Amino acid sequence: MNTVEQTPLLELKGIKKYFDVSGDWSWLSAQPKYLKAIDGIDLKVYPGETLGIVGESGCGKSTTGNVIAQLLNPTEGDVLFEGESLCDLAPRVLRRRRKDFQMIFQDPFSSLNPRMRVRDLIAEPLRSHRIASGKQLHDRVVELMKAVGLSPSFIDRFPHEFSGGQRQRIGIARALALQPKLIVCDEVVSALDVSIQAQILNLLSKLQKEFDLTYIFISHGLPAIKHISDRIAVMYLGRIVELATKEQLFSRPRHPYTEALLSAVPLPDPEAARTRKWIVLQGDIPSPVNTPPGCSFHTRCPYARDKCKQAVPTMQALEDGHAVSCHFPLEGPYWLQQ
Amino acid sequence: MTQAVGKADCLMDGDKSDYFGRNEAESTSQKEDKPGWLRLLMLSKTGLAGMAIVGTAILVAIFAPVIAPHDPAAIDLASMFAPPMWLDGGSLSHPLGTDNLGRDVLSRILYGSRTSLIVGVCAVIVAGCIGTLLGLMAGFYGGWIGNAIMRVTDSLLALPAMLIMLVIVGVFGPSLVTLIFVMGCTKWVPFTRLVRGEVLSLKERDYVRAAHSIGTPNSTIILRHLLPNVLSTIIVVSTLSVGTAIISESSLSFLGLGIQPPDVSWGYMLSEGQTHLSTSWWIATFPGIALSLTVIGFIFLGDWLRDATDPRLQGRA
């Protein structure tokens with residue numbers, strides 16, 4: 001999907017996002033406390049691809065999505081969209097620029113204004129950017145509703161009259177309305193039933209082909225990520241630990257954390273599930289306020305050595321297009337070595 | 001969450017449409033012959049009662065000259081302190097008795113409704129507009145704008161409202177317009193504080209963040225996302241404020257800075273009647289009942305309005 005010559009649609013350069021959590025009495029303590037939600041992310045997203053971002057809750061994946069959608073300003077680093085920095089834009093210019101990158105939110109129950117009808121919800125982006133009005137606006141709304149599989153007869157209904165899956169379709173129609181180049185999907189299926197998840201994922205794939213979209217798909221669910229992504233970035237404690245194509249990541253994870261994640265995916269075959277070996281990570285995810293020194297994963301890594309406790313690993317490109325942030329990348333997962 | 005999904009699904013099944021609602025015929029059967037708010041009014045007993053009380057008060061105010069048996073300002077020293085008609089010494093010509101100058105209490109109540117309603121409603125409209133606007137700005141923009149607005153409201157809260165009203169009335173002289181202006185200037189504080197609080201929580205909601213991410217201008221976010229969702233708070237505060245505004249007017253009248261004779265208001269009657277409360281209780285009691293009833297009516301009406309403007313409650317009551 002991505003070749004070296006292609007210019008990235010979106011580029012994150014050394015993004016850091018720290019939240020000040022020192023509290024009201026911070027002036028009493030010598031050191032301010034920061035929650036390091038994102039601690040240095042470099043990422044390139046190429047036109048037409050779907051980049052999955054996966055990780056446990058609290059690993060900073062949603063913050064990353066918010067930074068990309070410019071709902072949060074990074075503490076450090078820069079977001080380049082088509083080579084142009086978004087962080088330095090004046091609010092007015094940024095507002096107009098938002099046309100090209102849209103976001104779909106996690107919770108379809110809270111991301112739609114309960115007092116607006118579907119007609120106005122889908123028309124909102126078109127009105128905000130003065131793209132259409134009157135009859136033209138109505139036609140466009142109907143067209144969008146059809147594109148996402150909603151009957152145009154629902155145009156005057158309120159969000160509470162819909163099921164979760166249908167609401168998420170409204171959210172998708174809103175994101176599509178401005179014909180963006182990039183859509184950030186922040187946990188779009190996590191709030192839905194599994195059967196509905198598949199419908200929404202298939203809809204997203206269909207729309208991607210139809211409208212030439214680029215997705216950043218954020219999720220904690222590996223099956224959903226596997227279904228839709230071309231490349232996958234695995235995040236742990238605010239950093240990307242592994243970045244690879246879907247096939248490579250699932251067949252040959254190189255980072256111990258990815259290996260542990262994959263071993264935790266439920267298997268549909270009970271026989272296989274009974275005999276398989278689980279990698280159970282010890283302890284909890286460390287607090288992002290006090291990140292461990294060295295490799296942030298060393299406290300839970302079954303393969304940790306002395307070096308891991310001292311030196312912070314950097315992202316290294318491996319021979320097969322894998323990029324991994326580990327001092328001792330795995331040769332292959334345990335299930336290949338046996 | 002799953003429960004809510006399930007509920008919505010059942011709703012759709014009832015409509016006999018498939019999951020994506022690709023059933024075109026179904027939408028027409030949903031059409032109601034009555035608008036939602038009217039249906040809701042019929043279902044809500046308190047709403048009906050509120051509507052009836054407030055409607056009556058408004059009609060009385062409009063048709064006071066037609067209904068009133070006497071001129072409210074006509075002094076008749078021959079029939080001073082006449083009791084209501086069902087008591088000893090009462091007569092049919094003064095159904096609710098007369099006051100210390102022999103003026104007919106019923107007629108004065110009927111005429112007094114005009115001033116009281118106008119002052120109460122107009123003052124709340126003025127205060128509500130000022131307060132809501134400031135609250136929206138303080139909540140949405142925060143920073144130094146928000147701080148400045150909140151410090152002003154805090155300092156107004158620290159000063160007794162009556163003192164401010166006295167000063168303004170003292171400067172501009174008592175009149176209906178001054179009264180409305182004065183109350184508009186002092187009664188916006190609770191609106192600002194409540195609206196700001198609501199906006200602070202609302203602006204972190206996903207749908208407001210979604211509007212930001214879409215590139216909706218701030219003015220549109222305030223008007224279309226925030227204002228409709230703080231409306232219920234505004235309505236409740238407004239209906240409660242109508243009562244306090246009518247009472248404030250009576251306090252000012254009591255101090256001689258409110259409505260000037262020969263005009264009447266309920267508040268003026270209350271303050272006038274309380275000196276004779278031990279001997280001629282009817283002079284202050286009846287305007288007091290009229291006042292309480294009207295305030296209750298407004299509160300009922302506000303309760304219903306709050307539900308009627310919420311699309312989620314339409315038709316459920």
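Quick note: structure is the one above.
Residues numbered from 1 in each chain as written. Chains lettered and ligands numbered in written order. Predicted model: local features only at pLDDT ≥ 70, side-chain atom pairs only at ≥ 80, totals over all residues. Heavy atoms only, no water.

Draft legend 1. Region of interest: the overall build of chain A. Secondary structure summary: chain A contains twelve helices and twelve strands in total. For chain A, the C-alpha radius of gyration of 21 Å lies close to 20 Å, the compact-globule estimate for 338 residues. Residues classed as buried in chain A amount to 56% of the 338 residues present. The contacts in chain A between residues at least 6 apart in sequence include a share of 65% that link residues at least 24 apart. Looking at chain A as shown, the accessible area adds up to about 14900 Å², and 52% of this sits on carbon and sulfur atoms. (Helix = DSSP H or I, 4+ residues; strand = E, 2+ residues; numbered from the N terminus. Rg over C-alpha atoms; globule rule 2.2 N^0.38 Å. Buried < 20%, exposed > 50% of the residue type's maximum accessible area, 1.4 Å probe, protein only. Contact = heavy atoms within 4.5 Å. Areas by Shrake-Rupley, 256 points an atom, 1.4 Å probe, with all protein chains shown as cover.)

Draft legend 2. The arrangement of the overall build of chain B in detail. For chain B, the count of helices and strands is 13 helices and zero strands. Out of the 317 residues in chain B, the part that is buried amounts to 46%. Considering only contacts in chain B between residues 6 or more positions apart, those separated by 24 or more positions represent 69%. Carbon and sulfur atoms make up 68% of the accessible area of chain B, which amounts to about 15300 Å² in all.

Draft legend 3. Fine view of the packing of aromatic side chains. All names here are of chain A. Within the structure shown, the criterion is met by eleven aromatic pairs over all chains. Seen in terms of ring centroids, Y236 and F297 are 5.0 Å apart; in terms of plane orientation they differ by 80 degrees. Their pairing is edge-to-face. Of this pair, Y236 sits in strand β9 (residues 231-236) while F297 sits in the loop between α10 (270-275) and α11 (306-310), and the two are 61 residues apart along the sequence. Of the two residues, Y236 and F297, both sit in the buried class. (Phe/Tyr/Trp six-rings, centres within 6.5 Å; stacked < 30°, edge-to-face > 60°.)

Draft legend 4. Layout of the sheet that holds strand β3 (residues 50-54) of chain A. Residues and elements named next belong to chain A. With mixed pairing, eight strands are arranged side by side in an open sheet as β6-β7-β8-β3-β9-β10-β12-β11. Edge strands, defined here as strands with exactly one partner in the open sheet, are β6 (101-104) and β11 (316-317). Summarising the sheet, β11 and strand β12 (residues 323-324) pair through two bridges and their orientation is antiparallel. When the bridges of β12 are listed, Q316 appears paired with V324. Contacts from helix α9 (residues 256-263) reach β9 and β10 (239-245), with the element oriented near 105 degrees to β9. (Pairing = 2+ DSSP bridges. Axes fitted to C-alpha atoms, helices over the stretch in contact; angles between N-to-C directions.)

Draft legend 5. Region of the structure containing helix α6 (residues 194-211) of chain A. Residue and element names in this part refer to chain A. Over its 18 residues, α6 runs 26 Å from end to end, which matches the ideal 26 Å to within 8%, given 1.5 Å per residue. Here α6 has its buried residues at I196, Q197, I200, L201, L203, L204, S205, L207 and Q208. Of the surrounding elements, those touching the buried residues of α6 are β3, β6, α4 (134-147), α5 (164-176), β8 (214-219) and α7 (222-228). (Expected span 1.5 Å × (residues − 1).)

Draft legend 6. Focus on the pairing of β10 of chain A. All names here are of chain A. Of all seven residues in β10, five are buried; the element is thus mostly enclosed. Pairing of β9 with β10, which is carried by six bridges, proceeds in the antiparallel orientation. Within the sheet, the bridge partner assigned to M235 lies in β10 and is I240. Taking the residues between adjacent antiparallel strands as the criterion, β9 and β10 are bridged by two residues, where L237 takes a positive phi near 50 degrees. Looking at chain direction, β10 and β12 are connected through two bridges and run antiparallel. Pairing of E242 across the sheet is with V324, part of β12.

Draft legend 7. Here's a closer look at the sheet that holds strand β2 (residues 34-45) of chain A. Residues and elements named next belong to chain A. Pairing is antiparallel in the open sheet, where four strands are placed in the order β2-β1-β4-β5. The open sheet has two free edges, formed respectively by β2 and β5 (84-85), since each of these has just one partner strand. Direction of pairing for strand β1 (residues 10-20) relative to strand β4 (residues 76-81): antiparallel, over a ladder of five bridges. Looking across to β4, one finds that K16 is bridged to E76. Helix α1 (residues 61-68) rests against β1, β2 and β4 of the sheet, and its axis sits at about 115 degrees to β1.

Draft legend 8. Summary view of the nonpolar core. Core analysis: the biggest nonpolar cluster contains 62 residues, and I172, L204 and F217 of chain A have the highest contact counts within it. For this core, the leading source of residues is α6 of chain A, giving six residues. With sequence-adjacent residues up to four places away left out, F217 of chain A is seen in contact with T50, L51, G52, I53, C185, V188, V189, L201, L204, A224, I225 and I228 of chain A. Within the second largest apolar cluster, 51 residues are counted, among which are V105, V230, L301 and W304 of chain B. (Core = buried A, V, L, I, M, F, W, Y, C linked by side-chain atoms within 4.5 Å.)

Draft legend 9. A look at unusual backbone geometry. Residue and element names in this part refer to chain A. Backbone geometry places Q70, a non-glycine residue, at a positive phi of 60 degrees. Relative to the elements of secondary structure, Q70 occurs in the loop between α1 and β4. Residues other than glycine seldom take positive phi values, yet E187 does so here, at roughly 50 degrees. Considering the arrangement of structural elements, one finds E187 in the loop between β7 (182-186) and α6. Here E187 falls in the buried class, since its relative accessible area comes to 5%.

Draft legend 10. Quick peek at the pattern of salt bridges. Residues and elements named next belong to chain A. Going through the model one piece at a time under the given rule, you end up with 23 salt bridges over all chains. The partner of D39 in a salt bridge is R239, with the nearest N and O atoms 3.2 Å apart. Of the two residues, D39 is situated in strand β2 and R239 in strand β10; the sequence distance between them amounts to 200 residues. By relative accessible area, D39 is classed as buried at 9%. Using a relative accessible area of 23% as the deciding quantity, one classes R239 as partly exposed. (Salt bridge = Lys/Arg side-chain N within 4 Å of Asp/Glu carboxyl O.)

Draft legend 11. Focus on a nonpolar patch on the surface. Taken together, the side chains of I58, L59, I62, F63, V66 and I67 of chain B make up a nonpolar region of the molecular surface, amounting to roughly 590 Å² of accessible area. Mapped onto the secondary structure, I67 of chain B falls in helix α4 (residues 45-67). (Patch = residues over 30% accessible without salt bridge, like charges linked within 9 Å, V, L, I, M, F, W, Y side chains within 5 Å.)

Draft legend 12. Summary view of the side chain of R231 of chain A. With respect to the helices, strands and loops of the structure, R231 of chain A is situated in strand β9. Taking the relative accessible area as the measure of exposure, R231 of chain A reaches 9% and is therefore buried.

Draft legend 13. Looking closely at the pairing of β9 of chain A. Residues and elements named next belong to chain A. Across the six residues of β9, six count as buried, placing the element largely inside the fold. Two elements, β3 and β9, share four bridges in a ladder whose sense is parallel. Note on β9: the bridge partner recorded for V54 is V234.

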